[in-house]
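Fold and geometry: a report
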Amino acid sequence: MSAPLIVFFVLAALAVIGALSLILQKHPIHSALSLIVVMVALAGLYLLMGAEFVAAVQIIVYGGAIMVLFVFVIMLLNAGEEEHTDFSKLAKFGGLPLALALTGLLAAAMIHHGSAAPNTTSPDTLASTSQLSTMLFSTFVYPFELTSFLILVAIMGALVLAQREKS
Amino acid sequence: MNAVNSFLTQYGFWVLTIIKIGLLLFIVLTVNAYLTWFERKVVALMQSRVGPHRVGPHGLLQPAADGLKFLFKEDAMPAGVDKFVYLLAPFLALTLSLASLSVIPFGPKPLPFSFFGHQIDLWITNPDIGLLVLFAITALGVYGVALAGWASNSKYPLLGGLRSSAQMVSYELAMTMSVVGVLLMANSFGLTQIIEAQRGRTLWGVLPAWNIVSFHGGFPQIVGFLCFFIAAIAETNRVPFDLPEAESELVAGFHTEYSSFKFAMFFIAEYTSMITVSALCAILFFGGWNSLFPATPFWHFTHYLPSLILIPFGLWVIYDGIKYETLFGRIVLPGLGTAIAAIGAALIVFPAANEFIQGPFWLLSKIFFFLFFYVWARGTLPRFRYDQLMNIGWKLLLPVSIANVIVTAGFVLFRSNR
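Remember, it's a predicted structure, so these values are computed and weren't measured experimentally.

Moving on, we get to the overall build of chain A. The helix and strand tally for chain A stands at seven helices and zero strands. Sequence-distant contacts, at least 24 apart, represent 60% of the contacts inside chain A between residues at least 6 apart.

As structure tokens, then:
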């Protein structure tokens with residue numbers, strides 16, 4: 001087993017354990033912490049594929065900014081342990097089969113498209129920041145600008161909601 | 001012997017990296033300890049006091065005494081805390097702040113000898129995305145403080161943790177925005193590349209081409225630097241932005257419920273972040289290891305500045321030491337002074353060593369200057385009110401740093417088109 005493959009399995013295991021813990025933990029803060037572990041493990045996987053920039057941005061944006069907001073809101077509301085309810089009949093009977101079906105579908109797609117192991121032979125594909133930005137501002141410029149417009153709309157919505165009432 | 005040799009030739013890189021990490025940790029933790037001494041002394045001088053002076057000459061053994069005291073205090077855990085998170089928080093804070101030092105380059109040239117065929121650079125790692133790695137670590141750094149406040153199961157720490165997470169998210173934006181100008185001018189995220197882009201002179205050779213004054217391929221980043229430094233002070237929770245631990249309002253803020261060495265871990269984390277931020281200021285805006293003076297033969301005498309500082313300082317330490325009647329003062333201080341003066345003299349005798357020391361000398365002097373600035377600010381400025389803090393972050397620093405990006409980008413575009 002080569003070193004990158006070992007690192008891949010460690011990170012993958014970390015991500016899966018984090019994701020399971022996210023669902024199974026009773027307390028929101030513990031769930032949020034598990035999600036941070038998933039984010040950081042994913043960043044490690046990107047790094048393994050040679051996508052340095054994406055890895056760093058993954059930690060800065062998801063691991064940092066977004067999860068800090070999650071933790072902040074949970075702390076601000078001082079949310080306690082969650083209570084489990086079993087209202088949903090669908091979750092009780094359809095949950096397991098549906099989850100298995102999704103897993104099977106994803107596995108089939110991955111097997112169809114070849115190995116899911118890290119592609120360490122071509123580290124230059126996503127590595128260079130300048131390549132990435134050139135792509136972003138030429139080939140994908142419309143999706144990029146549309147996404148930023150979407151975020152702008154969200155910001156304006158938040159501002160409208162948070163505005164003080166005029167007296 | 002042969003087996004060891006071949007092992008080190010093959011895996012020398014790993015062994016070397018581990019040795020370097022150990023050495024850097026040792027140096028940084030020692031510097032941290034003496035930074036507390038330095039801070040207390042300087043603030044004392046500003047307030048016309050003496051500062052620590054009982055433990056050892058000039059209170060020089062005070063950091064050691066403090067460290068021992070932290071170790072021997074009872075490690076109390078309050079009732080009703082979330083144990084895992086409560087224990088995780090100080091580890092997170094300390095590990096992340098120490099990890100950020102790993103990407104900082106301390107000098108341009110590798111050591112003149114090699115370690116079993118492996119070049120010894122003055123950095124632990126030098127990735128192309130060094131600055132992004134630093135920001136990623138800073139982004140995670142907030143959890144140490146926020147979780148400490150939450151896990152303590154107490155009102156004041158919770159408020160401190162809330163304040164810190166809001167504050168750090170707000171100022172992270174301004175901090176990241178303010179360095180974009182530097183990135184545009186250097187065309188790279190790598191810290192060594194950013195420093196090398198600041199080599200040479202600007203304004204007809206009058207000033208060094210440091211980003212703070214340079215017109216080389218851009219616009220002077222003085223506004224960017226001010227935004228960055230203010231935001232960085234806020235990110236490190238230092239005066240005047242130390243709202244998360246405002247003692248007049250929140251007892252001690254997020255670390256109220258932490259005692260013994262767990263408190264010391266937050267303390268060390270804070271001082272390590274100060275060192276990282278000072279190093280970043282020096283690297284991004286003040287030319288890193290580039291000298292203040294031109295590299296012409298006329299200015300070659302400035303290469304003897306390290307000796308010029310070390311020899312008088314060593315002699316003064318000897319003179320100061322023999323005035324003491326204690327063992328430490330009589331023997332250790334003159335010995336230390338002799339060693340410092342001898343290093344200074346050796347630098348004159350061996351020009352190769354002197355050339356090697358130039359880069360680290362300038363970088364460390366600049367780091368020291370910014371550390372002094374931190375202490376200066378603490379001794380001078382009163383704490384901001386919470387609404388003032390938020391106004392400065394969102395309504396002043398963020399728009400100004402965005403304007404700086406636009407102006408710098410315009411200049412960079414204008415120059416590259418010519």
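For the rest of this paragraph, the subject is the domain arrangement of chain A. Each domain of chain A was delimited in the assignment, giving domain 1 (1-80) and domain 2 (128-167). For domain 1 of chain A and domain 2 of chain A, the distance between their C-alpha centres works out to 24 Å.

One finds Ala 56 and Ile 59 of chain A together with Ala 136 and Ala 231 of chain B to be the most contacted residues of the largest nonpolar core, which totals 123 residues. Counting residues per element, this core draws most heavily on helix 4 (residues 130-151) of chain B, which supplies 17 residues. If sequence neighbours within four positions are ignored, Ile 59 of chain A has contacts with Met 39, Val 40, Ala 43 and Gly 64 of chain A together with Ala 136, Ala 139 and Leu 140 of chain B. Ranked by size, the runner-up nonpolar core spans five residues in total, among them Leu 310, Val 317, Ile 340 and Ala 341 of chain B.

Per-residue confidence for chain A gives a mean pLDDT of 81; residues scoring 70 or more make up 87%. For chain A, helix 5 (residues 124-127) of chain A is the element with the lowest average pLDDT, namely 51, and helix 7 (residues 141-162) of chain A is the one with the highest, namely 90.

Our focus in this paragraph is helix 7 of chain A. The end-to-end C-alpha separation of helix 7 of chain A is 31 Å, in line with the 32 Å expected for 22 residues at 1.5 Å each. Within helix 7 of chain A, only zero of the 22 residues are buried, which leaves it mostly out in the open.

Of the residues lining the interface, 20 residues belong to chain B; the matching set on chain A comes to 16 residues. Among the secondary structure elements, those contributing two or more residues to the side of chain B that touches chain A are helix 4 and helix 5 (155-178) of chain B. Take the side of chain B that touches chain A: its biggest share by element is nine residues, from helix 4 of chain B. In terms of residue class, the side of chain B that touches chain A is built from 17 nonpolar, two polar and one charged.

Moving on, we get to the packing of helix 11 (residues 305-321) of chain B against helix 12 (residues 327-349) of chain B. All names here are of chain B. Remark: helix 11 packs on helix 12, axes separated minimally by 7 Å, with the N-to-C direction vectors making an angle of 160 degrees. Here helix 11 is positioned roughly antiparallel relative to helix 12, judged by the angle of their axes. Handedness of the crossing formed by helix 11 with helix 12: left-handed. Here the residues of the contact of helix 11 with helix 12 are counted per class, giving 16 nonpolar, seven polar and two charged.

This part covers the environment of Pro 297 of chain B. Its place among the elements puts Pro 297 of chain B in the loop between helix 10 (260-285) and helix 11. Through-space distance from the C-alpha of Pro 297 of chain B to that of Trp 123 of chain B is 29 Å; in sequence the pair is 174 residues apart.

This next bit is on unusual backbone geometry. For residues other than glycine, phi is negative in most cases, and the peptide bonds are mostly trans. Look at Ser 48 of chain B: it is not a glycine, yet its phi comes out positive at around 55 degrees. Of note, Ser 48 of chain B is situated in the loop between helix 1 (2-46) and helix 2 (62-72).

Next up on the list: the environment of Leu 47 of chain A. One can find Leu 47 of chain A in helix 2 (residues 28-48). Residues in contact with Leu 47 of chain A, not counting those within four places in the same chain, are Glu 52 and Ala 55 of chain A.

All names here are of chain B. Running from N to C, helix 8 (residues 222-235) and helix 14 (residues 386-417) cross one another at 145 degrees; their axes reach a closest spacing of 9 Å. Viewed along their axes, helix 8 and helix 14 form a crossing whose handedness is left-handed. Note on element contacts: helix 14 touches helix 8 through Gly 393, Leu 397, Val 400, Ser 401 and Asn 404, opposite Val 223, Gly 224, Cys 227, Ile 230, Ala 231 and Ala 234. Of the residues belonging to the contact of helix 8 with helix 14, the class tally is seven nonpolar, four polar and no charged.

All names here are of chain B. Approximately 80 degrees is the largest bend angle found in helix 1, and it occurs at Tyr 11. If you check which residues of helix 1 are buried, you get Asn 32, Leu 35, Trp 37 and Lys 41. Next to the buried residues of helix 1 lie helix 2, helix 10 and helix 13 (351-380). Downstream of helix 1 by one or two residues, Ser 48 has phi in the positive range, about 55 degrees.

Cut-offs applied
Note on numbering: residues in each chain are counted from 1, in written sequence order. Lettering for chains starts from A, numbering for ligands starts from 1, and both go in the order in which the items are written. Given that this is a predicted model, residues contribute local features only at a pLDDT of at least 70 and side-chain atom pairs are listed and counted only at 80 or more, while totals for whole chains, interfaces and linings are drawn from all residues. A run of DSSP states H or I qualifies as a helix once it reaches four residues; a run of E qualifies as a strand once it reaches two. Both are numbered from the N-terminal end. What counts as a contact here is a pair of residues whose C-beta atoms, placed from the backbone, lie within 7 Å. An automatic or database domain assignment supplies the start and end points of every domain. Any nonpolar core is a set of buried residues, restricted to Ala, Val, Leu, Ile, Met, Phe, Trp, Tyr and Cys, that join up through C-beta atoms within 7 Å. Counting other C-beta atoms within 10 Å of each residue's C-beta, where C-beta atoms are placed from the backbone, gives the exposure class: buried for 20 or more, exposed for 12 or fewer, partly exposed between. The predictor rates its confidence in each residue with pLDDT, a number between 0 and 100. Here a helix's expected span is defined as the number of its residues, less one, multiplied by 1.5 Å. Under this grouping Gly is polar, as are all residues other than the nonpolar Ala, Val, Leu, Ile, Met, Phe, Trp, Tyr, Cys and Pro and the charged Asp, Glu, Lys and Arg. Note on geometry: axes are lines fitted to C-alpha atoms, helical ones only across the stretch in contact, with angles between N-to-C directions running from 0 to 180 degrees. Relative orientations are named as follows: roughly parallel for angles under 35 degrees, roughly antiparallel for angles over 145 degrees, roughly perpendicular for angles from 65 to 115 degrees, and oblique for any other angle. Throughout, a crossing is termed right-handed when the near helix is turned clockwise from the far one, and left-handed when it is turned anticlockwise from it by less than a right angle. Two axes enter the definition of the bend at a residue: one is fitted to the seven residues ending there, the other to the seven starting there, and the bend is the angle between them.

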